[in-house]
Amino acid sequence: MDARTPLTAESLTETAAGLADELGLDQVTVSEVARRVGVKPASVYFHLRGTDDLRGRVSTLALAELADRLGLALAGRAGRDALGALVDTIRTYANDHPGRWEATQVRITAPDAGAPGGRVAALMLAVVRGYDLPEAELTHAVRLIGSTINGFVRLHVNGGFDRSEPDPEASWLRMTQALDSALTHWPTDEDTTR
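Residues numbered from 1 in each chain as written. Predicted model: local features only at pLDDT ≥ 70, side-chain atom pairs only at ≥ 80, totals over all residues. Heavy atoms only, no water.

Student: Before we go on, may I ask you to explain the packing of aromatic side chains in this structure?
Tutor: Geometry of an aromatic ring pair is reported as the spacing of the ring centres plus the angle between the planes. Tallied over the entire structure, the rule returns two aromatic pairs. Judged by centre distance (5.0 Å) and plane angle (45°), the ring pair of Phe152 and Phe161 falls under tilted. Judged by its relative accessible area of 8%, Phe152 falls in the buried class. Ring plane angle 65° and centroid distance 4.9 Å describe the contact between Phe152 and Trp172, whose orientation is recorded as edge-to-face. (Phe/Tyr/Trp six-rings, centres within 6.5 Å; stacked < 30°, edge-to-face > 60°. Buried < 20%, exposed > 50% of the residue type's maximum accessible area, 1.4 Å probe, protein only.)

Shown next, in the form of structure tokens:
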């Protein structure tokens, strides 16, 4: 943070988000953020309630950034094209901002996280609705997409694909095709009771 930047909850959150991307969300603490901005922890506590509050704010920031990116990427798209834009945008965000991405994957108690989190969920639901699934199946489909993306990203970041062929990019394309196929041929109630 520049010495001329006023100390606010927002500027501290930006510093914490950068710290999360650099070192991981678990390294985001009031003490570390205070050290980064060159103040005593008491000065940070004037603006924030503590480390949990700080991490919750990073999550809220990350969800808002992700919602903005998704909104731009999904505009005017439907079906498989929208699905591809959705998964690629989320993956790119996770690669660009690993700590912020991690903050979107943990339970948070920040009251402000609901609005941007709701925007991300609404955009994912809009993509799934393009496949004409019954309303009762939408949450299942969104969970499938989210779990698949998160699993792939975590394995890739942790080196799970480093010593194997083919290239992870080929697997990513197959994964997107498989999600499209799953959404296109979604199981019926009869299929799930067997």
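Read on, since the account is not over.
Student: In this structure, what is going on with the packing of helix H1 (residues 9–23) against helix H4 (residues 51–74)? I would like to understand it.
Tutor: Helix-helix packing is described using two parameters, namely the angle between the two axes and the distance between the axes. Contact geometry for H1 and H4: axes closest at 9 Å, N-to-C directions at 80°. Taken together, H1 and H4 sit at an angle that is classed as roughly perpendicular. In this structure, H1 contributes Ala9, Leu12, Thr13, Glu14, Ala16 and Ala17 to the contact, and H4 contributes Leu54, Arg57, Val58 and Leu61. Looking at the contact of H1 with H4 residue by residue, the classes come out as seven nonpolar, one polar and two charged. (Axes fitted to C-alpha atoms, helices over the stretch in contact; angles between N-to-C directions. Helix = DSSP H or I, 4+ residues; strand = E, 2+ residues; numbered from the N terminus. Parallel < 35°, antiparallel > 145°, perpendicular 65-115°, else oblique. Contact = heavy atoms within 4.5 Å. Nonpolar A, V, L, I, M, F, W, Y, C, P; charged D, E, K, R; others polar.)

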